[in-house]
Amino acid sequence: MSSVLIIGGGAAGMMAAIAAGYNGNEVHLFEKNDRLGKKIFITGKGRCNITNASSIENHFSNIIYNEKFLYSAYNNFSSEDICNMIESTGIETKIERGNRVFPLSDKSSDVIWALDKMMKDIGVNVHLKSEITKIENSNNKVILIDKHNNKFAGDKCIVATGGMSYETTGSTGDGYKFAEKMGHTVSKTYPSLVPFNIKEEMCKQLQGLSLKNIKLTITDEKGKVYFQEQGEMLFTHFGISGPLVLSASCYICDKFKEHDFYAYIDLKPALDKETLDKRILKDFNENINKNFNNSLDKLLPKKMIEPIIELCNIDPYKKVNEITKEEREILVENIKNIPLTISGTRGFNEAIITRGGISVKDINPKTMESKIVPNMYFVGEVLDLDAKTGGYNLQIAWSTGYLAGSSIY
Ligand SMILES: Cc1cc2nc3c(=O)[nH]c(=O)nc-3n(C[C@H](O)[C@H](O)[C@H](O)COP(=O)(O)OP(=O)(O)OC[C@H]3O[C@@H](n4cnc5c(N)ncnc54)[C@H](O)[C@@H]3O)c2cc1C
């Protein structure tokens, strides 16, 4: 039996505490906030997308970098395991579109309650309002020092301090500093799963408009495609957001120094240019005596009509029967290719996750123990691991947290 000190009462830290506790260890968990799971509380818009009920292969295809590092962790503790564990406390779960798992109640607080209950049942000692500022390693012991200079000694330490996004939740990058000081490599961090600022004023005009079934393409200044997918997006006062945009950010969030990026929106991905032209002609024929700006109601969302006409540079009051073939071509082009200039991301405060972190090369994938400092373990988002939306990021926290905790006897 060991005494285990865990820094961070988020998803990874609580899971590590439960697993270490089940093994009969004496577990102390230190959380700087006055409550546990502050970030879990805001996940999935307050509903907590706990995991994704799909194969390990599917999880790996949604993890951006270093997925191979997670083989042992996922084989040891899968998405099914986290669901079974939470359900064992009486909290039921449900599976929604895209295999996303949520608590049946739609309340993230139920997930926190379940984890807290399991920790209480096995006697984990939780220290709230306990911000660790220093870690010392001496004589096979780990000593944690909090900001009031209290000292806690243990045999093993699990760092589960999370990344740097939404810092009001307590994730302020402390783990990176601890790891770096001990000689670990920490790769540069970037906000990811994050909305984009857009240069064009058009977004302000369109703010609040949500688009479904559109195609978003992201390219650099040379036209190289970094992302192309269909789905939902949203215009905001600063630019663009929504599921597609967040996913796109994974592919370019760390490349803004080297490239300029552009977003292209295809409002009608199901129609090729020729078919779309036929469709427009049909609408025009039905509105033959109307002004151009009154002829697009069936084709485009109302808010979109004015900006598209501006992009086409066609007189909005021109009669439909006077629109030329060339002008129709310009209209088709703009409906299928709205060009936007991405001026950057919204930063850590609006990022779902952090790209970068402690290099997985310094961590033993079979236990999560540091290869550099014995008795030190690192789990969750503090590691250089990140995934797309869909429950994949929390699964990284559950699996790595569980593996570390269950590796300690
Ligand atoms: C708005 C939002 C929505 C999200 N929705 C989802 C979703 O639905 N599904 C999904 O899979 N992922 C989601 N994520 C991502 C997911 O929440 C994180 O990947 C996950 O919480 C990481 O868990 P963690 O335990 O590693 O870190 P965190 O949850 O960040 O926990 C770290 C904890 O450590 C504490 N801490 C930090 N430093 C110290 C210190 N020095 N001393 C003591 N305590 C310290 C912090 O206060 C914090 O409680 C979302 C993220 C955000 C921001």
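Residues numbered from 1 in each chain as written. Predicted model: local features only at pLDDT ≥ 70, side-chain atom pairs only at ≥ 80, totals over all residues. Heavy atoms only, no water.

Q: Help me understand helix α7 (residues 174–181), please; the structure alone is not making it clear to me.
A: Owing to its 3.6 residues per turn, the α-helix aligns residues three or four sequence positions apart on the same side. If you check which residues of α7 are buried, you get Asp174, Gly175, Tyr176, Phe178 and Ala179. Structurally, α7 contributes buried residues whose contacts are with β1 (3–7), β8 (132–138), β11 (156–159), β12 (186–192), β19 (353–358) and β20 (376–378). Of the residues flanking the end of α7, it is glycine 183, one or two places downstream, whose phi is positive at about 100 degrees. (Buried < 20%, exposed > 50% of the residue type's maximum accessible area, 1.4 Å probe, protein only. Helix = DSSP H or I, 4+ residues; strand = E, 2+ residues; numbered from the N terminus. Contact = heavy atoms within 4.5 Å.)

Q: Could you clarify how one ought to interpret helix α10 (residues 273–286) in this entry?
A: Along its 14 residues, α10 runs 20 Å from first to last C-alpha, staying within 8% of the 20 Å computed at 1.5 Å per residue. Those residues of α10 that sit buried are Leu276, Ile280, Asp283 and Phe284. Buried residues in α10, looked at end-on, bunch into an arc of 100 degrees, giving them a common side. Among the exposed residues of α10, those pointing more than 90 degrees away from its buried face are Glu274, Lys278 and Asn285. Structurally, α10 contributes buried residues whose contacts are with α12 (325–336). (Expected span 1.5 Å × (residues − 1). Arc of directions from axis to C-beta.)

Q: I'm lost on the pairing of β19 in this one. Help?
A: Looking along a regular strand, one sees side chains alternate from face to face of the sheet. β19 sits mainly inside the fold: six of its six residues count as buried. By the bridge criterion, five bridges tie β12 to β19 in an arrangement that is antiparallel. Each residue of the ladder has a partner; that of serine 192, found in β19, is isoleucine 353. (Pairing = 2+ DSSP bridges.)

Q: Sorry if this is basic, but what is going on with the domain arrangement of the chain here?
A: Interface size is commonly expressed as the accessible surface area that is lost when the partners come together. Here the chain is partitioned into domain 1 (3–190 + 349–406) and domain 2 (195–346). For domain 1 versus domain 2, the distance between C-alpha centres works out to 40 Å. Each partner contributes residues to the interface: domain 1 has nine residues there, and domain 2 has 11 residues. Between domain 1 and domain 2, the buried area comes to about 930 Å², and carbon and sulfur atoms account for 51% of it. Between domain 1 and domain 2 we count three salt bridges in total. The salt bridge involving lysine 388 is made with glutamate 229; its shortest N-O contact spans 3.8 Å. In this structure, the connection of domain 1 to domain 2 is made through four residue pairs in polar contact (both at pLDDT 80 or more). Tallied by class, the residues present in the side of domain 1 that touches domain 2 amount to five nonpolar, one polar and three charged. (Domains from an automatic or database assignment. Buried area = accessible area lost by both parts, 1.4 Å probe. Salt bridge = Lys/Arg side-chain N within 4 Å of Asp/Glu carboxyl O. Polar contact = N/O pair within 3.5 Å; in protein donor to acceptor, adjacent residues only side chain to side chain. Nonpolar A, V, L, I, M, F, W, Y, C, P; charged D, E, K, R; others polar.)

Q: Can you walk me through the packing of helix α11 (residues 302–312) against α12 in this structure?
A: When two helices pack together, you describe them by how their axes are tilted relative to each other and by the distance separating the axes. Viewed as axis vectors pointing N to C, α11 and α12 meet at an angle of 125 degrees, and their least axial separation amounts to 9 Å. With respect to their mutual orientation, α11 and α12 come out oblique. The element α11 and its partner α12 pack so that their crossing is right-handed. Facing Ile308, Leu311 and Cys312 of α11, the residues of α12 in contact are Ile330, Leu331, Asn334 and Ile335. Residues belonging to the contact of α11 with α12 are distributed by class as follows: six nonpolar, one polar and no charged. (Axes fitted to C-alpha atoms, helices over the stretch in contact; angles between N-to-C directions. Parallel < 35°, antiparallel > 145°, perpendicular 65-115°, else oblique. Left-handed = near helix turned anticlockwise from the far one by under 90°.)

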